[in-house]
Amino acid sequence: MPLPSELVRVDKEAAREIIYRQLKTLILDLTLEPLEVLRDGELALRLGVSRTPVREALRKLEDEGFVQSRRNQWTRVSGVELRRAREIYPVAQSLHVTALRLAFPNVTRTDIKALRAANDAMREAIRNQHAADALRLDADFHRVIVGRARNPVLLHLVTSLTEKLYRIELAHFSHAQSGTASVEEHRVLIRAIQAGNLNEAVEQMTANWECPHVDDASMHDEQ
């Protein structure tokens, strides 16, 4: 029978991106657990699409390190490697300090309010032991500064590292312990920015991105 003329054609690229974002969110918040096997046919059935956009989404996630595969054997969620925190934190620290230096002349009163709002909300999330919310609000706080740096390359790199750290921190660290210190560092950082004291702001940003203490005995490659 003829299809109605007003039927909207589903764009294949859009389908892949929607599936990619859905799966990535589930991986980041640990709904899809580390090392959980992903079957493209099952996912396609649950999502109501063909296997092709699912496979394309999985390939993109594999390129980003969130999915692993062995040809003709399995595709699975990547393990959460605690040792990666030690590799990522120094790089993230350098990028965020660079972002601060670039953003410093561009920060507005509205930005200061946004920083305070994110930090206050983060404090409440920690108080209520909502680790995932606290981590997202921490990212929101830093996103204000990174956005004001007005550097697309820097934004891309920071976003990628933030996603990887989010998953590690959610799986391995007690944010109620480390987050409280971070809130205070944010508060002093805001005060330094508002006062126009770049050196103090850089010092606080550097301290804020020190890698949390990780006991060598607790290190392992995969959860």
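About the cut-offs
- Residues numbered from 1 in each chain as written.
- Predicted model: local features only at pLDDT ≥ 70, side-chain atom pairs only at ≥ 80, totals over all residues.
- Heavy atoms only, no water.
- Helix = DSSP H or I, 4+ residues; strand = E, 2+ residues; numbered from the N terminus.
- Buried < 20%, exposed > 50% of the residue type's maximum accessible area, 1.4 Å probe, protein only.
- Contact = heavy atoms within 4.5 Å.
- Core = buried A, V, L, I, M, F, W, Y, C linked by side-chain atoms within 4.5 Å.
- Axes fitted to C-alpha atoms, helices over the stretch in contact; angles between N-to-C directions.
- Parallel < 35°, antiparallel > 145°, perpendicular 65-115°, else oblique.
- Left-handed = near helix turned anticlockwise from the far one by under 90°.
- Arc of directions from axis to C-beta.
- Polar contact = N/O pair within 3.5 Å; in protein donor to acceptor, adjacent residues only side chain to side chain.
- Pairing = 2+ DSSP bridges.
- Phe/Tyr/Trp six-rings, centres within 6.5 Å; stacked < 30°, edge-to-face > 60°.
- Salt bridge = Lys/Arg side-chain N within 4 Å of Asp/Glu carboxyl O.

**Q** How would you summarise the environment of A103 if you had to cite specific residues and measurements?
**A** For A103, the position within the fold is in helix α4 (residues 83-103). We classify A103 as buried; its relative accessible area is 0%. In this structure, the C-alpha to C-alpha distance between A103 and R148, residues 45 residues apart in sequence, is 4.7 Å. Dropping the residues within four chain positions of it, A103 is found in contact with I145, R148 and A149.

**Q** Explain the nonpolar core residue by residue, including any values.
**A** Core analysis: the biggest nonpolar cluster contains 35 residues, and L100, L115, I145, L189 and I193 have the highest contact counts within it. Of all the elements in the fold, those that place two or more residues in this core are α4, α5 (109-127), α6 (131-149), α7 (152-172), α8 (175-195) and α9 (198-208). Tallying contributions element by element places α4 first for this core, with nine residues. Counting 18 residues, the second largest nonpolar core, distinct from the first, contains L28, L38, V54 and V67.

**Q** I'd like to hear about the packing of α5 against α6, residue by residue, with values.
**A** The relative placement of two packed helices comes down to the angle between their axes together with the axis-to-axis distance. At a closest axis distance of 8 Å, the pairing of α5 and α6 adopts a crossing angle of 165 degrees. Considered as vectors, α5 and α6 are oriented roughly antiparallel to each other. Along this stretch, α5 crosses α6, giving a crossing that reads as left-handed. Across from D111, A114, L115, A118, N119, A121, M122, A125 and I126 in α5, the residues of α6 making contact are D133, A134, L137, D138, D140, F141, V144, I145 and R148.

**Q** Explain α9 to me, using residue names and the numbers behind them.
**A** Counting along an α-helix, one turn takes 3.6 residues, and residues three or four places apart therefore face a common direction. For α9, the full list of buried residues reads A201, V202, Q204, M205 and N208. In an axial view of α9, the angular spread of the buried residues amounts to 165 degrees, which keeps them on one side of the axis. In α9, the exposed positions that point more than 90 degrees away from the buried face belong to N199 and E203. For α9, the N-terminal cap is N197; the gap from its side-chain oxygen to the backbone nitrogen of N199 is 3.4 Å.

**Q** Before we move on, can you summarise the pairing of strand β2 (residues 74-77) with the specific residues and values?
**A** Sheet analysis places strand β1 (residues 67-70) next to β2, joined by four bridges and oriented antiparallel. By the bridge assignment, V67 is partnered in β2 with V77.

**Q** So what's going on with the packing of aromatic side chains? Residues and values would help.
**A** Under the criterion given, the structure shown has one aromatic pair. Here the aromatic rings of Y89 and W209 are separated by 6.0 Å at their centres, their planes lie at 50 degrees, and the arrangement is tilted. Note that Y89 is positioned in helix α4 and W209 in the segment after α9, a separation of 120 residues in sequence. Just as Y89 is buried, W209 falls in that class too.

**Q** Requested: an account of the pattern of salt bridges, with residues and values cited.
**A** With the rule as written, the count across this model stands at 15 salt bridges. Here R16 makes a salt bridge to E17, at a shortest N to O gap of 2.7 Å. Residue classification places E17 among the buried residues on the basis of a relative accessible area of 17%. For R127, the salt bridge identified is with E124, shortest N-O distance 2.5 Å. Taken as a pair, R127 and E124 lie in helix α5 at a separation of three residues, close to a single helical turn. Each member of the salt-bridge network shares a partner with another, and the members are E81, R83, R84 and E87.

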